[in-house]
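A closer look at the structure
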Amino acid sequence: MSYTMGRVEEIYAAHEGRGQTTLAAQLGALYREQRSAFERDSAPDARVRRERLRLLERVLLDNADAITNAISADFGHRPATETQLIEVFQSLESLRYARRHVGRWMRPERRHVAIWYRPGQAHVRYQPLGAVGIVVPWNYPLYLSVGPLASALAAGNRAMLKLSEYTPAFGALFADLIAKTFPRDLVHVVLGDVETARAFVDLPFDHLLYTGSTAIGREVMAAAARNLTPVTLELGGKSPAIIAPGFDPARAAQRIVFGKLVNAGQTCIAPDYVLAQASSIETLLAHMRRTARDLYRDAASLDYASIAHDRQYARLTSMLDDARAQGARIEPLLDAGNSSLPRRMPPVAVLNATDAMRVMREEIFGPILPIVPYQSLDEAVRYVNERERPLALYVFDDDTARRERLLASTASGGVVINDTLLHVSQDDLPFGGVGPSGMGRYHGPEGFRTFSQVRSVFTQRRLNTLPLLYPPYDRPLGRRILKFMLRG
């Protein structure tokens, strides 16, 4: 399935509500339709949930090539294999994992009852919330749609997704595929610009999950607060990689460069800067150049992604110009090569970066990698801790005791030891940030719980001791029991 620009514009026009009703009214009607459908069927069983996940899995399997081509068209170029690996495969894995485990996640969980309340019994059960909203960014439009949607469907909810206006070809395709697979009162894709996004987050969803920048995350949270809508915010920040003294620089370079240059660095958990011993930086830089050339040859390689859109390209170029103007040493990791593809940006390392430079103040989200020197590992830890808590931390160290100290003395949303990115691929690990890098968790059982109402249930038995404590309170037996209880 392919989409001409005319077809994409036609689908967007339909979604943007060119008609007699306002955008807010249209979205409100869609939300109420999903909420009404939920009220009619508020407890889908495990079989129904597995079937919904299987249908979505089938959509991806049957349309993998079309999805890959649409994303590449939106980027100007993204390697097909990269999209298949980091988006299609990972999305399928999320769906399959949820489908295999949803029955177990749904089971009520027995909880402890203190001796004073026995023989009563306590348990929690997980019930669907209702209609949830998912706001999807442009950098991984499939995976960041399907990952949250898998959790929402596993939890028994209905969902509306707002896709980014920067991925119009993928958005048009995905909206069509979802509309042909699910009734719109179960899953619906919303397309449109920033005004559509504002109207979307103003809806009184039962839960709202947003993935994107910290600045917009604050606006989303403020909008959700007006409806007391609970939110999960998957944001970003500056995720550091710490290379401990004595760690093999070739191994560190290989894994950091790969993690940085997947999707041309347009990844929320990409290493944002590297902390390395001052005496090892030139050696590390040489290994980084060698690794980049082994992977891509030059920046014209068809295995290397373009910068996704003009605004992003201009932001990255301006950031690099700012660093250069303030005296940073810019070291290319790849030659530019000769390419007619749009928005090609060769990766660079930035040395002598200072806190006054934008590359050290803002999340980079592109193929620019500052390398910051340290004299002692304690200095590196202080450097990380003096800044906002990151979404990810990458520790390169073979000394078990030392890396345990590093983990104990730092905070981040997630950690990978001796590699990068891979924590996001583990379906049984919760994913999320801390502080400015996000709030809440999803993936696997945590995703199921995020989109569930955790309901507490206590069952009282016919015969129990509690009436002995009822008024009147001056009864001797009751007072003796209370005295015993207070002593513990």
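It should be noted that the structure appears before, not after, this text.
To keep things clear, this report deals only with the structure shown in the data block.

Criteria and cut-off values
Residues numbered from 1 in each chain as written. Predicted model: local features only at pLDDT ≥ 70, side-chain atom pairs only at ≥ 80, totals over all residues. Heavy atoms only, no water. Helix = DSSP H or I, 4+ residues; strand = E, 2+ residues; numbered from the N terminus. Rg over C-alpha atoms; globule rule 2.2 N^0.38 Å. Buried < 20%, exposed > 50% of the residue type's maximum accessible area, 1.4 Å probe, protein only. Contact = heavy atoms within 4.5 Å. Areas by Shrake-Rupley, 256 points an atom, 1.4 Å probe, with all protein chains shown as cover. Lys, Arg positive; Asp, Glu negative; His and termini not counted. Charge placed at Lys NZ, Arg CZ, Asp CG, Glu CD. Salt bridge = Lys/Arg side-chain N within 4 Å of Asp/Glu carboxyl O. Pairing = 2+ DSSP bridges. Axes fitted to C-alpha atoms, helices over the stretch in contact; angles between N-to-C directions. Parallel < 35°, antiparallel > 145°, perpendicular 65-115°, else oblique. Nonpolar A, V, L, I, M, F, W, Y, C, P; charged D, E, K, R; others polar. Expected span 1.5 Å × (residues − 1). Right-handed = clockwise from strand over helix to strand, strands pointing away.

1. Regarding the overall build of the chain
The number of helices and strands found in the chain is 17 helices and 16 strands. In terms of C-alpha radius of gyration, the chain reaches 26 Å, essentially the compact-globule figure of 23 Å for 488 residues. Dimensions of the chain, computed from C-alpha atoms along their principal axes, come out at roughly 90 × 60 × 35 Å. For the chain, buried positions account for 53% of its 488 residues. Considering only residue pairs separated by 6 or more positions, the chain has 74% of its internal contacts joining residues 24 or more positions apart. When the accessible surface of the chain is totalled, it reaches about 21800 Å², and 52% of it is carbon and sulfur. Across the chain, 60 positive and 52 negative side-chain charges occur, with their mean positions spaced 10 Å apart.

2. Details of the pattern of salt bridges
All told, the structure shown has 30 salt bridges when counted by the stated rule. A salt bridge links Glu39 to Arg35, with the nearest nitrogen and oxygen atoms 2.5 Å apart. Here Arg35 and Glu39 lie together in helix H2 (residues 23-40), a separation of 4 residues that amounts to about one turn. Between Asp398 and Arg251 there is a salt bridge; the shortest N-O distance is 2.5 Å. Within this pair, whereas Asp398 is found in the loop between strand S13 (392-396) and helix H15 (400-409), its partner Arg251 is found in helix H10 (residues 249-261), the two being separated by 147 residues in sequence. Overlapping salt bridges, with partners in common, bring together Arg40, Asp41, Arg52, Arg158 and Asp185 in one network.

3. Considerations on the sheet that holds strand S10 (residues 329-332)
Strand order across the open sheet formed by 7 strands is S10-S11-S12-S9-S8-S13-S14, with mixed pairing between neighbours. Sheet topology places S10 and strand S14 (414-417) at the edges, where each strand pairs with a single neighbour. Each adjacent strand pair in this sheet contributes to an overall mean axis angle of 25°, direction not counted. Pairing analysis gives 4 bridges linking S10 to strand S11 (residues 348-351), with the strands arranged antiparallel. Its bridge partner lying in S11, Ile330 is registered against Val350. Packing against the sheet, helix H11 (residues 281-296) makes contact with strand S8 (240-243), strand S9 (273-277), S10, S11 and strand S12 (368-374), and its axis sits at approximately 155° to S12.

4. Some points on the packing of helix H3 (residues 46-62) against helix H5 (residues 80-106)
For the pair H3 and H5, interaxial distance at closest approach is 9 Å and the crossing angle is 175°. By the angle between their directions, the pair H3 and H5 is classed as roughly antiparallel. Contacts between H3 and H5 involve Ala46, Arg49, Arg50, Leu53, Arg54, Leu56, Glu57, Leu60 and Leu61 on the former and, on the latter, Val88, Ser91, Leu92, Leu95, Arg96, Ala98, Arg99, Val102, Gly103 and Met106. Across the contact of H3 with H5, the residue classes break down as 11 nonpolar, 2 polar and 6 charged.

5. Thoughts on the environment of Ser456
Considering the arrangement of structural elements, one finds Ser456 in strand S16 (residues 452-459). Residue classification places Ser456 among the exposed positions, given a relative accessible area of 63%. A C-alpha to C-alpha distance of 49 Å links Ser456 and Asp355, two positions 101 residues apart in sequence.

6. Overview of the environment of Arg255
Here Arg255 shows up in helix H10. A relative accessible area of 25% means that Arg255 is categorised as partly exposed. The spatial distance from the C-alpha of Arg255 to the C-alpha of Glu109 is 41 Å, given a sequence separation of 146 residues. Not counting the four nearest positions on each side in its chain, Arg255 is found in contact with Phe396, Asn418, Asp419 and Thr420.

7. Details of H2
Over its 18 residues, H2 extends 26 Å from the first C-alpha to the last, a length consistent with the 26 Å expected when each residue adds 1.5 Å. By the burial criterion, the buried members of H2 are Leu23, Leu27, Gly28, Leu30, Tyr31, Gln34, Ala37 and Phe38. Contact partners of the buried residues in H2: strand S2 (121-128), strand S3 (131-135), strand S4 (158-162), strand S5 (187-190) and helix H8 (194-201).

8. Considering the pairing of S5
The side chains of a regular strand alternate, residue by residue, between the two faces of the sheet. Residues of S5 alternate between two faces, with Val187 and Val189 on one and His188 and Val190 on the opposite face, all of them buried. In the sheet, S4 pairs with S5 via 4 bridges, with the strands oriented parallel. Each residue of the ladder has a partner; that of Lys162, found in S5, is Val190. Handedness of the crossover joining S4 and S5 through helix H7 (residues 168-181): right-handed.

9. Concerning the pairing of strand S7 (residues 231-234)
In S7, alternate side chains face the same way, and those of Val231 and Leu233 on one face and Thr232 and Glu234 on the other are all buried. Of the pairings in the sheet, the one linking strand S6 (residues 207-211) to S7 comprises 4 bridges and is parallel in character. Within the sheet, the bridge partner assigned to Thr211 lies in S7 and is Glu234.

10. What about the packing of H5 against helix H6 (residues 143-154)?
Relative placement of two packed helices is described by the angle separating their axes and the distance separating the axes. Between H5 and H6, the shortest axis-to-axis distance is 9 Å and the interhelical angle comes to 10°. By the criterion of interaxial angle, the relationship of H5 to H6 is roughly parallel. Counted together, Ile86, Glu87, Gln90, Ser91, Ser94, Leu95, Ala98, Val102 and Trp105 of H5 and Tyr143, Val146, Ala150 and Ala154 of H6 form the full contact between these two elements. Its residues placed into classes, the contact of H5 with H6 shows 9 nonpolar, 3 polar and 1 charged.

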